[in-house]
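Topology and contacts: notes
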Amino acid sequence: MGDKVKLISDEPIEGDVRSASCKKRVLKQEQNFRGPWYLASGFLLFWALLFFAVVLPLFYRLPKGLTIEDSPKGAFIAERAQNHLYGFDEIGTKVVGSDGNENKTVDYLLGLVAEIRASCLDEYFDVEVDLQVVSGSYIHWTMVNRYQGVQNIVIKMSPKNTTSESYLLVNSHFDSKPTSRSAGDAGQMIVAILEVFRVMCTTKQTIRHTIIFLLNGAEENPLQASHGFITQHKWAPYCKALINLDAAGGGGSDIVFQSGPNSPWLVEYYKKSAKHPLATTMAEEIFQTGILPSDTDFGIFVKYGNLIGLDIAQFINGYFYHTKYDRFANIPRGSIQSTGDNLLSLVRALANATELDNTAAYATGHAIFFDFLGLYFISYTESNGTILNYSVAGIALVLIFVSIWRTANISCVSTGYVLSWFILISVLQIIAFVLGFGLPVAVAYVFDKYGLSLTYFSTPGLLIGLYICPSLLGLSLPSYIYLKLQRNFKVPFAQQLQLVLHGHAAILAILGIGLTVYGLRSTYVVTWTLIFYVIPLSINLLTTLHDRGFSWTGVLKIFQVIPFLYNSYLIYTFVVTLIPMMGRFGRSTNPDLIISALNALGTVLALGFLIPLVNMFRRPSMILLSLLAISSVTIYTATSTQIGFPYRPRTNVQRLPYLQVRRIFYEFDGTVVKDDSGYLFNFQDRRGPAPLKSSKVNLTGLVSIAADCDKVMMCGYPLYDHRWVKNRMQIMWLPREEPIVPPNVPVLQLLEKTDLGNNIMRYSFICEKPSDHTSVYILPQEDVTISNWTLPLEYIAQQTTYHLYYSRGTDYSPLTFSIDFWKQDADFVVPVTQIGLATHSIGDDGDAISQEFAKLLPSYAALVQWPALYQRYIF
């Protein structure tokens, strides 16, 4: 028992007494004084300057846009594509079913295709152009997505005498959301495709496979034209690989955010061919969770065509996405050049890829990929990534133990003694991790509790004081308290500080192992962060730097430049992407929690090994107080000045979709039991209606419709699409005394009832003049079931209330459908089903009262509104 007590005492025991030279080394190290306190601020300022001087310029770097005059033959010419984009923008909005989309835009694009086709090298390529007009339906989310007469411009470019029956598909869309001219989403991609087509067919070159350039006319509807192509077009069965192009912004570089599935060779081709690489596995995994309010045609091609490919998008400056500010002026020539360079090189590479002959033979799992500051691209298979993750974590833990052993040797104590202190420090580092994430999240929670979310929306610089400084404070506080209060005089201070960093590394190693077991490919971020701690630790251990006071910090700081640059670059990419998205993330989620956690993650990864080093200097408390002061000033600025108000006219708008609604409820006998009017608001962000209360508009009577959703079919309102349906519990209603007169009043008629026997009656319906965007809701009575219908059979019994979303392009034929109802008693004289008909007159500004109402809304609000009629029938 006495021996055990001695083991944990400060006195060395027999057999563990160090040599006289060891004691001299300890005394010498105790004389290593820490640096002046003012150098600590310089230390942190260095990393801040590194971010602003290196990361930001590289992130926003764009190539010079080539002009028609000075460009070499066979290159992508941004000026020509930009000229086409200007004409595209001048057409105006391009909503499916509108003249702008179905006639003006199609004619404009066909004209450009004809010009390019006339200049193609006929001796090298065969070019065919097909205007597909297609109708169909499929299940999308919780609705049947039915389209009628939507259009695709399909360009087939085949090398002469080719024997390959494997095609490369390059896709983007030209239609738009209401009010948007779609210069960014996705006009910039359409003109890039056309310029690539021009270069490819006018350049003497050898390609192996046929290329299909698909300009689809109904993506925003959602995802209808791509479904029509891949399921019905004559060339679709030959398409094996895909490059899908879309946008959630514009003005920067494009990012690869989905790949495969199970085809890492595609990423290798991107690695070899992309001139301006920007990609990350983390973006792919986040997008595929479905939490983001966006979708692309990529999923349609993969699901219904079994294609593999790359999903690429523009994402910078997403504030104008899907608003009237999505204009030509927001898309600089350099951005178009960047996208065009990447696309042209990638098309050339994949058009010669032998893997297209048998893509199944190369289905070898997922890929891990990322770029480093746009300068270099790294990729490897998921299986290799798993080996790397485990190896780095294991090596890190082994080297930490070796370092502990070395520390014991120079400190005149046992290894067990140092290890016991390391365990305590590791616990403190776990607390630091929790605080590093917890303090920013706490700020986000408190701000939201008092209705102050999104204060950073127009002023992202506030993120530094709101989230980054609290995270740094949390990361550094436990180690500061420990190093300040501990009385461990046997282990030199420099080695105790090193143990703090070892604790951080051990946590990352264990976290990397756990995330790898979970199957998260984004674990690469942890692994590569750890690699650049393992390397300097190895160097320090192989030399005497490990044992010479703070000498080991020099090598560490040099190697920490790489993970600092990458992690800050990576997280900044997500911050730039997600902040504008928070303006359309809905009212039910606190967006500040997402942004605060993201900033905390970036802080932990980029500065986790650096912030404890402030303890190398005297009075590190000054740094902590400075961080606290910055946070305090920022919080005051965000809450008490106009700087923290989220919205700005034109540049950082509040998205405000609402409908001018007329509701008419018919009973079984045709009598009207409800006829009212009002405005139906689908607020897109967390603040909801609160900012509007200080404007000129009168919102007296504004109420939630949530209570109606439990009583009435689909809440009793004309919910526009699947996103409105999903968000229905947050939608609000403002009654209006004056009745709204819709410009289109279609009538749903029961054409006939056909007795099919076996207690089944077929009801056949027709709507003669539906709007180009119409929804039908179907709710059978409790004793009635649907046995069959003209909608997709797999949709039966999936929902309590069925939702048919219908849109038309050029086909104006009536909307028809039939439903087979089954009843136990076969009594079909009584009410069998409720049917709601919601018709939307997109592009109409409404009556004079509605227009005056719109003028009263603040200038920072981007309105998306139109008249809508909802008729509830009982059959």
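Our subject is the structure listed above.
I will try to describe carefully the structure that is included in this document. Just so it is clear, the structure is predicted and the values come from calculations on it, not from any experiment. (Residues numbered from 1 in each chain as written. Predicted model: local features only at pLDDT ≥ 70, side-chain atom pairs only at ≥ 80, totals over all residues. Heavy atoms only, no water.)

Time to look at the overall build of the chain. Helix and strand counts for the chain come out as 22 helices and 21 strands. What you see for the chain is a C-alpha radius of gyration of 32 Å, in line with the 29 Å of a compact globule of 875 residues. Its C-alpha atoms give the chain principal-axis dimensions of about 105 × 70 × 55 Å. A buried classification covers 60% of the 875 residues belonging to the chain. Just so you have it, the chain exposes about 33,900 Å², and 59% of that area is on carbon and sulfur atoms. Across the chain, 67 positive and 68 negative side-chain charges occur, with their mean positions spaced 12 Å apart. (Helix = DSSP H or I, 4+ residues; strand = E, 2+ residues; numbered from the N terminus. Rg over C-alpha atoms; globule rule 2.2 N^0.38 Å. Buried < 20%, exposed > 50% of the residue type's maximum accessible area, 1.4 Å probe, protein only. Areas by Shrake-Rupley, 256 points an atom, 1.4 Å probe, with all protein chains shown as cover. Lys, Arg positive; Asp, Glu negative; His and termini not counted. Charge placed at Lys NZ, Arg CZ, Asp CG, Glu CD.)

Moving on: helix α12 (residues 382-411). Relative to the 44 Å expected for 30 residues at 1.5 Å per residue, α12 spans 43 Å between its end C-alpha atoms, a close match to the ideal helical length. Cys-412, located one to two residues past α12, shows a positive phi value of around 60 degrees. (Expected span 1.5 Å × (residues − 1).)

The buried fraction of helix α8 (residues 264-273) amounts to 7 of the 10 residues, a majority that puts the element mostly inside the structure. Along α8, the positions that sit buried rather than exposed are Pro-264, Trp-265, Leu-266, Val-267, Tyr-269, Tyr-270 and Ser-273. Against the buried residues of α8 lie β6 (254-260), β7 (308-314), α11 (333-350), β8 (367-372) and β9 (376-381). (Contact = heavy atoms within 4.5 Å.)

Spatially, the 4 strands line up as an open sheet ordered β14-β15-β19-β17, and their pairing is antiparallel. Strands at the two margins of the open sheet, each flanked by one partner only, are β14 (748-757) and β17 (784-789). Strand-to-strand twist in this sheet, taken as the mean axis angle between neighbours without regard to direction, amounts to 30 degrees. (Pairing = 2+ DSSP bridges. Axes fitted to C-alpha atoms, helices over the stretch in contact; angles between N-to-C directions.)

Among the secondary structure elements, Ser-338 is positioned in helix α11. Those residues in contact with Ser-338 that sit more than four places away from it in its chain are Leu-62, Pro-63, Ser-253, Asp-254 and His-276.

As for its placement among the helices and strands, Met-189 is situated in helix α6 (residues 183-202). For Met-189, a relative accessible area of 1% corresponds to the buried category. The spatial distance from the C-alpha of Met-189 to the C-alpha of Ile-312 is 9.9 Å, given a sequence separation of 123 residues. When neighbours within four sequence positions are excluded, Met-189 is seen to be in contact with Ser-172, Leu-245, Asp-246, Ala-313, Gln-314 and Thr-339.

We now examine the state of the cysteines. Evaluation of the coordinates by the stated rule reveals 2 disulfides. A sulfur-sulfur separation of 2.1 Å characterises the disulfide bridge that pairs Cys-120 with Cys-201. A torsion of -65 degrees about the S-S bond marks the disulfide between Cys-120 and Cys-201 as left-handed. Highlighted residues: Cys-120 in the loop between α5 (99-118) and β1 (125-140) and Cys-201 in helix α6, separated in sequence by 81 residues. One exposure class covers both Cys-120 and Cys-201, and it is buried. The residue that forms a disulfide with Cys-709 is Cys-715, at a sulfur-sulfur distance of 1.9 Å. Taking the sign of the S-S torsion, 100 degrees for the link of Cys-709 and Cys-715, the bridge is right-handed. Each disulfide of the chain joins two cysteines, and with those cysteines numbered along the sequence the arrangement is 1-2, 3-4. With no disulfide of its own, Cys-239 lies 18 Å from the sulfur of Cys-201, the closest cysteine sulfur. (Disulfide = S-S within 2.5 Å.)

What follows is about the packing of helix α14 (residues 462-485) against helix α19 (residues 621-640). Where α14 meets α19, the closest approach of the two axes is 8 Å, and the angle between their N-to-C directions is 150 degrees. The angle between α14 and α19 places the two elements in the roughly antiparallel class. For the crossing formed where α14 meets α19, the hand is left-handed. Seen from α14, the contacting residues are Leu-462, Gly-465, Leu-466, Cys-469, Pro-470, Leu-472, Leu-473, Ser-476, Leu-477 and Tyr-480; seen from α19, they are Ser-621, Leu-624, Leu-627, Leu-628, Ile-630, Ser-631, Thr-634, Ile-635, Thr-637 and Ala-638. Residues that form the contact of α14 with α19 fall into these classes: 14 nonpolar, 6 polar and no charged. (Parallel < 35°, antiparallel > 145°, perpendicular 65-115°, else oblique. Left-handed = near helix turned anticlockwise from the far one by under 90°. Nonpolar A, V, L, I, M, F, W, Y, C, P; charged D, E, K, R; others polar.)

In terms of burial, strand β3 (residues 167-173) is a largely internal element, 7 of the 7 residues being buried. Side chains Tyr-167, Leu-169, Asn-171 and His-173 of β3 all project onto a buried face; the interleaved residues Leu-168, Val-170 and Ser-172 project onto the opposite face, where all are buried too. As paired strands, β3 and strand β4 (residues 210-216) are joined by 7 bridges and run parallel to one another. Bridge pairing in β4 places Leu-168 opposite Ile-211. Assessed by its sense of winding, the connection that carries the chain from β3 through α6 to β4 is right-handed. Relative to strand β5 (residues 239-247), β3 runs parallel, the two sharing 5 bridges. Residue pairing in the sheet places Asn-171 in a bridge with Asn-244 of β5. (Right-handed = clockwise from strand over helix to strand, strands pointing away.)

Along the chain, Asp-185 connects to Ala-186 via a cis peptide bond; the corresponding omega equals 0 degrees. Tracing the sequence through the fold places Ala-186 in helix α6. In this model, Gly-260 is joined to Pro-261 through a cis peptide bond whose omega is 5 degrees. Counting through the fold element by element, Pro-261 comes out in the loop between β6 and α8. Phi at Asn-317 takes a positive value of approximately 60 degrees, unusual for a residue other than glycine. Here Asn-317 shows up in the loop between β7 and α11. Even without glycine at this site, Ala-826 takes up a positive phi of about 55 degrees. In this structure, Ala-826 sits in the loop between β19 (815-823) and β20 (833-840). On the basis of relative accessibility, which here comes to 35%, the residue Ala-826 falls in the partly exposed class.

Another aspect to go through is the pattern of salt bridges. In the structure shown here, the tally under the stated rule is 20 salt bridges. Between Arg-872 and Glu-667 there is a salt bridge, and its shortest N-O distance comes to 3.3 Å. Taken as a pair, Arg-872 in strand β21 (residues 861-874) and Glu-667 in the loop between β10 (654-666) and β11 (672-681) lie far apart in primary sequence, 205 residues in all. For the salt bridge of Asp-847 with Arg-736, the shortest nitrogen-to-oxygen distance reads 2.6 Å. One end of the pair, Asp-847, is in the loop between β20 and α22 (848-856); the other, Arg-736, is in strand β13 (residues 732-736), and 111 residues separate them in sequence. The class of Asp-847 is partly exposed, set by a relative accessible area of 25%. Among the charged side chains, a salt-bridge network with shared partners connects Arg-80, Glu-195 and Arg-198. (Salt bridge = Lys/Arg side-chain N within 4 Å of Asp/Glu carboxyl O.)

Spatial relationships are all this shows, so hold off on functional conclusions.
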